[in-house]
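Coordinates in review
So the chains spell out like this:
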Amino acid sequence: MVLYIWLKPHSLNLLTINIREVNNELEIETHKTHGILNTIINKEKGVGTMPPVDSVVETFIGTYDNILSRKTPVIYTIGYEGRTLEDFIHILKEHHINVVIDVRELPLSRKKGFSKTALSQALEENDIDYIHMKSLGTPKELRDKFKSKKITFKEFALEYEKYLNTQTEALAKLLQCALMNTCVLMCYERDWRVCHRRIIAEQMKMAKFEVVHI
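For clarity, every value in this text was computed on a predicted model and none was experimentally measured.

Scanning the protein from terminus to terminus reveals 8 helices and 9 strands. Sorting the 214 residues of the protein into buried and exposed places 43% on the buried side. The contacts of the protein with a sequence gap of at least 6 include a subset with a gap of at least 24, amounting to 62%. Accessible surface, the protein: about 12000 Å² in total, of which carbon and sulfur atoms supply 50%.

When helix 4 (residues 116-125) is considered as a whole, its buried residues turn out to be Leu119, Ala122 and Leu123. Seen end-on, helix 4 carries its buried residues on one side only, within an arc spanning 100°. In this structure, helix 4 carries Thr117, Glu124 and Glu125 as exposed residues pointing more than 90 degrees from its buried face. One or two positions beyond helix 4, positive phi appears at Asp127, with a value near 60°.

This part covers the sheet that holds strand 7 (residues 129-132). The sheet built from 5 strands is open, its strands ordered 7-6-8-5-9 with parallel pairing. Edge strands, defined here as strands with exactly one partner in the open sheet, are strand 7 and strand 9 (210-213). Between one strand axis and the next, the sheet turns by 25° as a mean value, whatever way the strands run. Sheet contacts for helix 3 (residues 85-94): strand 5 (74-79), strand 6 (99-102) and strand 8 (183-187); angle to strand 5, the most-contacted strand, approximately 165°. Packed on one face of the sheet, helix 8 (residues 197-206) meets strand 5, strand 8 and strand 9 and runs near 175° to strand 5.

Residues Glu124, Glu125, Asp127 and Asp129 make up a contiguous surface patch of negative charge. Secondary-structure assignment places Glu125 in helix 4. Its relative accessible area of 66% is what places Glu125 among the exposed residues.

Mean pLDDT over the protein stands at 79; residues scoring 70 or higher make up 67%. Contacts of residues 4-13 to residues separated by more than four positions or lying in other chains number 28 contacts, the stretch itself having pLDDT below 50. Here residues 33-62 scores under 50 on pLDDT; set against residues more than four positions off or in separate chains, the count is 58 contacts.

Another aspect to go through is the pattern of salt bridges. Any two side chains of opposite charge can pair if their charged atoms end up close together. Summed over the entire model, instances satisfying the criterion amount to 6 salt bridges. Salt-bridge contacts for Lys140 lead to Asp144; the nearest nitrogen and oxygen are separated by 2.7 Å. Note that Lys140 and Asp144 are positioned in helix 5 (residues 140-147) at a spacing of 4 residues, about one turn of the helix.

Applying the stated criterion across every chain, the model contains 8 aromatic pairs. Ring centres 5.9 Å apart and planes at 70° place the aromatic pair Phe146 and Phe153 in the edge-to-face group. Of the residues examined, Phe153 reaches a relative accessible area of 17% and is grouped as buried. Taken together through their ring pairs, the aromatic side chains of Phe146, Phe153, Phe156, Tyr160 and Tyr163 make up a single cluster.

Rules behind the numbers
Along each chain, the written sequence defines residue order, and numbers are assigned to residues from 1. Restriction of local features to residues with pLDDT of at least 70 applies here, the model being predicted, together with a cutoff of 80 or more for giving and counting side-chain atom pairs; totals for whole chains, interfaces and linings are based on all residues. Think of the side-chain values as coming from all heavy atoms in the structure, minus any hydrogens and water. A run of DSSP states H or I qualifies as a helix once it reaches four residues; a run of E qualifies as a strand once it reaches two. Both are numbered from the N-terminal end. Relative accessible area decides the class of each residue, using a 1.4 Å probe on protein chains only: under 20% of the type maximum gives buried, over 50% gives exposed, and in between gives partly exposed. Two residues qualify as a contact provided that any one of their heavy atoms is within 4.5 Å of a heavy atom in the partner residue. Only the protein chains shown count as cover for residues, and the accessible areas themselves come from Shrake-Rupley with a 1.4 Å probe. An arc is given here, and it is the one of the directions from the helix axis to the C-beta atoms. Strand pairing requires that DSSP identify at least two bridges connecting the strands. To get an axis, a line is fitted to the C-alpha atoms, and for a helix only the part in contact is used. The angle between two axes follows their N-to-C directions and goes from 0 to 180 degrees. Only residues above 30% relative accessible area that lack a salt bridge enter a patch, with like-charged residues linked at up to 9 Å and the nonpolar side chains Val, Leu, Ile, Met, Phe, Trp and Tyr linked at up to 5 Å. What makes a salt bridge here is a side-chain nitrogen of Lys or Arg within 4 Å of a carboxyl oxygen of Asp or Glu, nothing more. Charge assignment: positive for Lys and Arg, negative for Asp and Glu; neither His nor the chain ends contribute. The atoms used to mark charge sites are NZ of Lys, CZ of Arg, CG of Asp and CD of Glu. Scored from 0 to 100, pLDDT records how confident the predictor is in each individual residue. Ring pairs are drawn from Phe, Tyr and Trp, using the six-membered ring of Trp, whenever the two centres fall within 6.5 Å, and their geometry is named by plane angle: stacked under 30 degrees, edge-to-face over 60, tilted for the rest.

Set out below in structure tokens:
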């Protein structure tokens, strides 16, 4: 199993954690820009004798429960089409979502309550965090080509996938957030099969996440 953790405060540094089981223990090799940190975590004793906590280890500790118990991390997706803000928030609470990740490039809506400012305020009032990840949105040129029916959705998906593969920073940040929280990817389309969040979700599946569309 491999985890990718985006380091803070050094936002240009990416941490890779390789995890393998050896004699009923989890052997963890952590690669970062200024060296390699090795440690063993016993599955029964938990973190036990973890080395002094720095920003790398601190980030990792937040994920160790899932690793030790072999729980599959989950990420949700949702579209607000045809939903009121009240219905939308009710669904989030039903699934214990604590972070909404808005993957619209332009987080504006003619539908009341779903533009960035109003939505983030409403979510905050319900103890749900809001993150806008513009770089995971569909570039305007590609959106326009699809809306004008110059390309099919299949062609759109292939082009968006190529674009998404260039957004390594955003994907790493998404992965870190989803490991530490119960997150939902939010866009407009109610049907996830015709929304670009489907392609993002497929990337998360490749990272061993379970994807649930709500």
